[in-house]
Structure formats: structure tokens, C-alpha cells
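Geometric and topological summary
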Amino acid sequence: GTKLENVNIDSFFIKSQRVIDTLGKYNDPDRNYELYGTSNMDSVRHALQLQHDSALLVQNNRVTRTIFRFTADKQAYITFDDHTNTDTVHWTFDDEGGLLLEDRSEGGDRAVKRMHVLQLTDSVLKLQIWANNDSSKITFQKMAE
């Protein structure tokens with residue numbers, strides 16, 4: 001993947017950054033000690049910034065390290081994060097143009113994930129995905145063969 005668009009995720013990181021940037025700046029050292037157990041707010045902000053940056057990196061890596069490979073026999077291979085974990089699913093389009101990914105477990109259970117295709121060209125696949133009443137748009141670029 002090359003790009004993730006999600007208003008809630010973006011908002012979370014923006015709001016978190018604002019908190020980090022302003023935490024303790026409008027208090028005197030005694031009040032910061034009372035509220036946060038320390039008057040060294042630079043160290044607190046630094047620690048929080050490291051956590052924030054790490055979470056943002058994990059989120060970005062989830063996108064950039066996800067690879068879809070579709071075959072003519074309707075199999076899709078989806079590789080995540082470390083490129084050692086690949087899921088194989090059956091793919092098809094429904095009557096409304098939605099991309100259906102069907103996973104069947106060894107026990108015969110069937111799980112179907114529907115994604116709305118926003119753009120499909122020779123070089124770009126852009127999908128809209130719903131999870132937990134939230135929507136994300138993710139863009140994939142064709143890789144060199």
C-alpha cells in the first residue's frame with residue numbers, strides 16, 4: 001500500500017500531537033509536579049513524543065508493507081508487515097462492483113470481506129474498507145514485475 005486515508009486515525013494523531021506539544025507549558029513547576037508527579041515536563045513530552053512517533057510508524061508500516069497479488073485463477077495473496085505472513089483468499093466482484101475476499105479455514109468456516117473499489121487502473125487499486133463502523137481508503141500501486 002502507498003496511502004491510507006482515515007479521518008479518525010488522522011484526527012487521533014493530530015490531537016495527540018497537540019497534547020504533547022502543550023503538556024505542562026501553561027503551568028508553573030509546582031502545578032506540574034502536583035498534576036504529573038514531575039516538574040520536568042520536557043522529559044515527559046519527549047517520552048510521549050517517542051511513543052507517538054512509534055505508533056505512527058507502526059500505522060504507516062501496516063500500509064506500506066501490505067502487498068496484494070491477484071492471480072487470473074481468482075486467488076489473492078495478501079502479505080503483511082514482515083513479508084513472511086501471507087494470507088490466501090478467493091477474490092471476486094459482486095453485482096455492485098465490490099471486491100469480495102473469501103477466506104476459508106481448514107475447518108470449513110467461511111469469512112467474506114467486502115471492499116468498495118474506488119479506483120482500478122493498470123497501475124492503481126484504491127479500496128474503501130469498513131471496520132468497526134469506521135471507514136478507511138487505502139491505495140495500492142502496481143509493483144514492478
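So, here's what we can say about the structure. (Residues numbered from 1 in each chain as written. Predicted model: local features only at pLDDT ≥ 70, side-chain atom pairs only at ≥ 80, totals over all residues. Heavy atoms only, no water.)

Here we look at the sheet that holds strand E5 (residues 99–104)
On the basis of which strands lie adjacent, the open sheet formed by eight strands has the order E1-E8-E7-E6-E5-E4-E3-E2 and antiparallel pairing. In this open sheet, the two edge strands, each paired with only one partner strand, are strand E1 (3–5) and strand E2 (67–70). Strand-to-strand, the axes of this sheet are offset by a mean angle of 30 degrees, without reference to chain direction. Here four bridges tie strand E4 (residues 85–93) to E5, and the two strands are oriented antiparallel to one another. Paired with His90 across the strands is Glu102, a residue of E5. (Pairing = 2+ DSSP bridges. Helix = DSSP H or I, 4+ residues; strand = E, 2+ residues; numbered from the N terminus. Axes fitted to C-alpha atoms, helices over the stretch in contact; angles between N-to-C directions.)

Re the pairing of E2
As defined by bridge partners, E2 adjoins strand E3 (residues 75–80) across four bridges and the pair is classed as antiparallel. Across the sheet, Ile67 pairs through a bridge with Thr79, a residue of E3. Counting the residues between successive antiparallel strands, the hairpin from E2 to E3 contains four residues, one of them, Lys74, with a positive phi of roughly 70 degrees.

A closer look at the packing of helix H1 (residues 7–22) against helix H3 (residues 41–64)
Two elements in contact, H1 and H3, have axes separated by 10 Å at closest approach and are oriented at 165 degrees. Judged on the interaxial angle alone, H3 and H1 are roughly antiparallel. Once H1 is placed against H3, the crossing between them reads as left-handed. Where H1 abuts H3, its residues Ile9, Phe13, Ser16, Gln17, Ile20 and Asp21 lie against Arg45, Leu48, Gln49, His52, Ala55, Leu56 and Gln59. (Parallel < 35°, antiparallel > 145°, perpendicular 65-115°, else oblique. Left-handed = near helix turned anticlockwise from the far one by under 90°. Contact = heavy atoms within 4.5 Å.)

Remarks on the packing of aromatic side chains
To describe a pair of aromatic rings, you give the distance between the ring centres and the angle between the ring planes. Tallying each qualifying case throughout the model produces five aromatic pairs. A centroid spacing of 5.5 Å and a plane angle of 5 degrees characterise the contact between Phe68 and Phe70, whose relative ring orientation is stacked. Judged by relative accessible area, which is 18%, Phe68 ranks as buried. What makes Phe70 partly exposed here is its relative accessible area of 31%. Residues Trp91 and Phe93 carry aromatic rings whose centres are separated by 5.6 Å and whose planes lie at 80 degrees to one another, so their mutual orientation is edge-to-face. Overall, Trp91 belongs to the buried group, its relative accessible area being 13%. Given the relative accessible area of 38%, Phe93 is considered partly exposed. Taken together through their ring pairs, the aromatic side chains of Phe68, Phe70, Trp91, Phe93 and Phe140 make up a single cluster. The ring of Trp91 carries Lys74 above its face, with NZ or CZ at 4.3 Å from the centroid. (Phe/Tyr/Trp six-rings, centres within 6.5 Å; stacked < 30°, edge-to-face > 60°. Buried < 20%, exposed > 50% of the residue type's maximum accessible area, 1.4 Å probe, protein only. Lys NZ or Arg CZ within 6 Å of the ring centre and 35° of its normal.)

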